[in-house]
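# Structure at a glance
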Amino acid sequence: MEFKQLEAFVAVVEYNSFSEAAKHLYLTQPTISSHIRSLEQELNSKLILRTTKKLTVTARGQQLYDCAVNILNMRNTLVDEFTGNDKKIIDLGVSTIPSSYLLPELLGAFSSQSPNVYFHACQSHSQGVIMRVLDGSIDLGLVGSKSEDKDCQFIPFCYDKLVLATPVTPYFLKMQEQGAQLADFLDQPFIMREKGSGTKKELDRYLESQGISQSSLNIVARMNDLEAVRRSIVQGIGISVLSYRSARDLADSKQLLLFPLDKVSSVRTFYIVYNKNRILKSHVKQFIHFTEGFYQNPETP
C-alpha cells in the first residue's frame, strides 16, 4: 500500500468521480483506476461500486477512507514540519548508478536554485523504476536503460562507458601493459549483475556486438548489489564489467584496474523517464528541463 494509492482513493471519494480525481491529482483516469484496483486486491475488499450512472463507496471503503485521511494528514504534517509547508514534492525513482554517482550532485545543484522543491527518492534497478513510472507511483525516474513500452518517454541526459574491472595483481598489471581486450579475459572468474540492472542490459548488448556469448564467460557469482560487486573484485573473487562512473573512485585509489572496451559499442546512456499519459506538474517539468541541461558535455568520461 502506497501514499499514491491512498491519495487516489481519497480523491475519488471526495470528488465522487474518477475523472475529477485524475484531474486534481494530475494523473490519468486509468492510473486512478489502477490504484483503486491495487488497493482492493491488497485489502481483499470491494471499496467502490461504479456504474455508468453513479459511484458508491462501500462500508469497507468508508472505513478505509477515514483511515486514509488520517494517514495522509499525518504524512503532510511530517513533511511540513521537516521541510516547510511551501515545499513542492517530486517522487523520484532512481536506478543504481544514477542513485550513487549522479543524483547527489544533481540534486545539490537543483536545490540551490529551487529550494522549495522536496524530493522523495527510492532506489531500484532500471526495470523496477520503469515499472513504477508506468503504474503512477512515482513522477519520473533516472535509469540506465530503456524499455520498448510506448507509454514511456525516455530523454537522454548523461553518458557513460563500460569498463572491465579487475583486482590489482601482477597478472592483471601485466595484461594492462599489453593492452588486453575482453576476449583475453574469458577464462577469468566473472561476476555478473542481476536481471533488471541497466549495466547488465548494456553488457548483454556489448557482448552481442562482439560476438561473445554469456556461455563463454566463467560466471562464478550473480549479485544484485553494486557495492558487493565492487568489493568482490577488490578482494580478488572475480572480474566484472562496470560503469566507469561507478568504478573510477576505486581506480583512482589503486584498488581496481580498469580496461577500456570498444569506444563505440561500450557507450551507455542514462535517461530521464516519465509516463507520457501523465500530466506533469510544473515543478516536475522544471526538474526535467534542469536535468537535461545539467551535463553540458555529452562525451563519456
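Predicted model, so just to flag it, every value in this text is computed and none were measured. Positions within a chain are numbered from 1, following the residues in the order the chain's sequence is written. Only residues with pLDDT of 70 or above have their local features reported here, since the model is predicted, and side-chain atom pairs are shown and tallied only from 80 upward, although totals for entire chains, interfaces and linings are computed over all residues. The side-chain values count all of the structure's non-hydrogen atoms but skip hydrogen atoms and water molecules.

Another aspect to go through is the overall build of the protein. Here a strand is any run of E in DSSP of at least two residues, a helix any run of H or I of at least four, and the numbering for each starts at the N terminus. Scanning the protein from terminus to terminus reveals 11 helices and 11 strands. Its C-alpha atoms give the protein principal-axis dimensions of about 75 × 40 × 30 Å. When the 301 residues of the protein are sorted by exposure, 48% land in the buried category. Here, two residues are considered to be in contact whenever any of their heavy atoms come within 4.5 Å of each other. Look at the contacts in the protein between residues 6 or more apart in sequence, and 75% of them connect residues 24 or more apart. Asp and Glu count as negative and Lys and Arg as positive, but His and the ends of the chain are not part of the count. Positions of charges follow a simple convention, taking NZ of Lys, CZ of Arg, CG of Asp or CD of Glu. Charge centroids of the protein, computed over 33 positive and 32 negative side chains, lie 4 Å from each other. In this scheme, a residue with accessible area under 20% of its type's maximum is buried, one over 50% is exposed, and one in between is partly exposed, where area comes from a 1.4 Å probe on protein chains only.

Right, let's talk about the pairing of strand E10 (residues 256-260) for a bit. With four of five residues buried, E10 is to be regarded as a mostly interior element. Criterion used throughout: strands pair if DSSP finds at least two bridges between them. Where strand E6 (residues 152-167) lies against E10, five bridges are found, and the strand directions are antiparallel. Each bridged residue has a counterpart across the sheet, and for Pro167 the counterpart in E10 is Leu256.

By the element assignment, Gly136 lies in the loop between helix H6 (126-135) and strand E5 (140-143). Distance in space between the C-alpha atoms of Gly136 and Ile32 is 8.5 Å, their sequence separation being 104 residues. Ignoring anything within four residues of it in the chain, the contact list for Gly136 reads Lys4, Thr31, His35 and Arg278.

What follows is about the packing of helix H5 (residues 96-113) against helix H11 (residues 282-294). In a pair of packed helices, the angle between the axes and the distance between the axes together describe the arrangement. To get an axis, a line is fitted to the C-alpha atoms, and for a helix only the part in contact is used. The angle between two axes follows their N-to-C directions and goes from 0 to 180 degrees. Where H5 contacts H11, the two axes come as close as 11 Å, and the packing angle between them is 125°. Put simply, H5 runs oblique to H11. Here the hand of the crossing between H5 and H11 comes out right-handed. For the pair H5 and H11, contact is made by Glu105, Leu106, Leu107, Ala109, Phe110 and Gln113 and by Gln286, Phe287, Phe290, Thr291 and Phe294, respectively. Within the contact of H5 with H11, the residues separate by chemical class into seven nonpolar, three polar and one charged. Should an angle fall under 35 degrees it is taken as roughly parallel, and over 145 as roughly antiparallel, whereas 65 to 115 is taken as roughly perpendicular and any remaining angle as oblique. Each crossing is labelled by how the near helix is turned from the far one, with a counterclockwise turn of less than a right angle marking it left-handed and a clockwise turn marking it right-handed. Gly is put with the polar residues, along with every residue not named as nonpolar or charged; the nonpolar set is Ala, Val, Leu, Ile, Met, Phe, Trp, Tyr, Cys and Pro, and the charged set is Asp, Glu, Lys and Arg.

What follows is about the packing of aromatic side chains. Centres within 6.5 Å make a pair out of two Phe, Tyr or Trp rings, where for Trp the six-membered ring is used; the pair is then stacked when the planes are under 30 degrees apart, edge-to-face when over 60, and tilted otherwise. Tallied over the full model, the rule gives 11 aromatic pairs. Centroid distance Phe110 to Phe290: 5.3 Å. Interplanar angle 65°. Geometry classified as edge-to-face. One end of the pair, Phe110, is in helix H5; the other, Phe290, is in helix H11, with 180 residues separating them in the sequence. With respect to class, Phe110 is no different from Phe290; both count as buried.

Quick look at the pairing of strand E8 (residues 218-223) now. Across five bridges, the pairing between strand E7 (residues 189-193) and E8 is parallel. Paired with Ile191 across the two strands is Ala221, which belongs to E8. Look down the strands so they point away from you; if going from the first strand over the helix to the second traces a clockwise path, that crossover is right-handed. Running through helix H8 (residues 198-209), the crossover from E7 to the neighbouring parallel element E8 is right-handed.

So, about the side chain of Arg75. Tracing the backbone through its elements, the reader meets Arg75 in helix H4 (residues 59-83). Those residues within four positions of Arg75 in sequence are excluded, and the remaining contacts are Phe3 and Glu7.

Another point: the nonpolar core. By size, the foremost hydrophobic cluster in this structure holds 38 residues, and its most contacted members are Leu92, Leu140 and Phe287. In terms of residue count, H5 provides more of this core than any other element does, six residues in total. Those residues in contact with Leu92 that lie beyond four places of it in its chain are Leu103, Phe119, His120, Ala121, Cys122, Leu140, Gly141, Leu142 and Phe287. Residues Ala11, Val12, Leu27 and Leu39 belong to the second largest nonpolar core, which totals 21 residues. The nonpolar core is taken to be a set of buried Ala, Val, Leu, Ile, Met, Phe, Trp, Tyr and Cys residues, with the residues joined through side-chain atoms within 4.5 Å.

Before going further, it helps to examine the pattern of salt bridges. Where charged atoms from two side chains of opposite charge approach closely, those side chains can pair. Here, a salt bridge means any Lys or Arg side-chain nitrogen found within 4 Å of an Asp or Glu carboxyl oxygen. Scanning all chains against the criterion turns up 12 salt bridges. In this structure, the salt-bridge partner of Lys4 is Asp139, at a minimum N-O distance of 3.9 Å. Residue Lys4 is located in helix H1 (residues 3-15), and its partner Asp139 is located in the loop between H6 and E5; the two are separated by 135 residues in the primary sequence. For Lys4, a relative accessible area of 11% corresponds to the buried category.

This part takes up the packing of helix H9 (residues 226-234) against helix H10 (residues 244-252). Interhelical geometry of H9 versus H10 gives an angle of 35° and a closest axis separation of 11 Å. The chirality of how H9 crosses H10 is right-handed. Between H9, through Leu226, Arg230, Arg231 and Val234, and H10, the contact on the second element is made entirely by Ser246, Ala247, Asp249 and Leu250. The class makeup of the residues in the contact of H9 with H10 is four nonpolar, one polar and three charged.

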